[in-house]
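Examining the three-dimensional arrangement
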Amino acid sequence: MPPLELAVVLPTFNERQNVRPVLDRLEKTLRDIAYEVIFVDDNSPDGTADEVRSIALSNSRIRVIQRIGRRGLASACVEGMMASPAPYVAIMDADLQHDETVLP
Ligand SMILES: Nc1nc2c(ncn2[C@@H]2O[C@H](COP(=O)(O)OP(=O)(O)O)[C@@H](O)[C@H]2O)c(=O)[nH]1
Ligand SMILES: [Mg+2]
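Residues numbered from 1 in each chain as written. Chains lettered and ligands numbered in written order. Predicted model: local features only at pLDDT ≥ 70, side-chain atom pairs only at ≥ 80, totals over all residues.

Concerning the nonpolar core
Core analysis: the biggest nonpolar cluster contains 20 residues, and Val8, Leu10, Val37 and Phe39 have the highest contact counts within it. Elements represented by at least two residues in this core include exactly β1 (6-12), α1 (16-29), β2 (35-41), α2 (48-56) and β3 (62-66). Take this core: its biggest share by element is five residues, from β2. When near neighbours in sequence (up to four residues on either side) are disregarded, Val8 contacts Leu26, Tyr35, Val37, Ala90 and Met92. (Core = buried A, V, L, I, M, F, W, Y, C linked by C-beta atoms within 7 Å. Buried ≥ 20, exposed ≤ 12 C-beta atoms within 10 Å, placed from the backbone. Helix = DSSP H or I, 4+ residues; strand = E, 2+ residues; numbered from the N terminus. Contact = placed C-beta atoms within 7 Å.)

See below:
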């Protein structure tokens with residue numbers, strides 16, 4: 001594997017239905033970049049973290065930090081950033097609101 005270039009951190013709360021779509025979009029646009037995706041989920045009742053794990057099982061680019069008994073967008077972002085060795089980090093909403101094609 002080439003060295004990681006980019007970590008995309010996706011803070012989530014109840015984004016289960018957006019997990020696959022956002023990953024599909026990132027895969028298309030980051031074709032030539034060695035990237036990983038870190039979801040930081042605050043134990044969403046809709047099972048967002050389980051959805052990520054089911055995909056991560058067969059895709060080592062993807063992982064989830066599931067925080068129990070905690071909430072907070074800013075601390076979720078920091079925790080995701082600190083969990084990656086990548087030299088570049090991007091934070092995005094998981095709700096498909098941000099244009100991922102600007103990342104490259
Ligand atoms: N981990 C975590 N993620 C959050 C929290 N609140 C919001 N998010 C996520 O952070 C991103 C931004 O939140 P969003 O509600 O879209 O904010 P808005 O776009 O400013 O209305 C989304 O991916 C949310 O799922 C939180 O307390 N913890
Ligand atoms: Mg949003």
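Looking at α2
Of all the positions in α2, only Thr48, Ala49, Glu51 and Val52 are classed as buried. With its buried residues spanning 160 degrees around the axis, α2 presents them on a single face. In the core, the buried residues of α2 are packed alongside β1, α1, β2 and β3. (Arc of directions from axis to C-beta.)

A look at the packing of α1 against α2
Geometrically, a packed helix pair is captured by the angle between its two axes and the distance between the axes. Two elements in contact, α1 and α2, have axes separated by 8 Å at closest approach and are oriented at 35 degrees. As α1 packs across α2, the resulting crossing turns out to be right-handed. Note on element contacts: α2 touches α1 through Thr48, Glu51, Val52 and Ile55, opposite Arg16, Val19 and Leu23. A breakdown of the residues in the contact of α1 with α2 according to their chemical character gives four nonpolar, one polar and two charged. (Axes fitted to C-alpha atoms, helices over the stretch in contact; angles between N-to-C directions. Left-handed = near helix turned anticlockwise from the far one by under 90°. Nonpolar A, V, L, I, M, F, W, Y, C, P; charged D, E, K, R; others polar.)

Some details on the site of ligand 1
In the vicinity of ligand 1 there are 15 residues, among which Pro11, Phe13, Asp42, Ala76 and Ala94 approach most closely. Considered class by class, the residues forming the shell around ligand 1 number six nonpolar, three polar and six charged. (Near = placed C-beta within 6 Å.)

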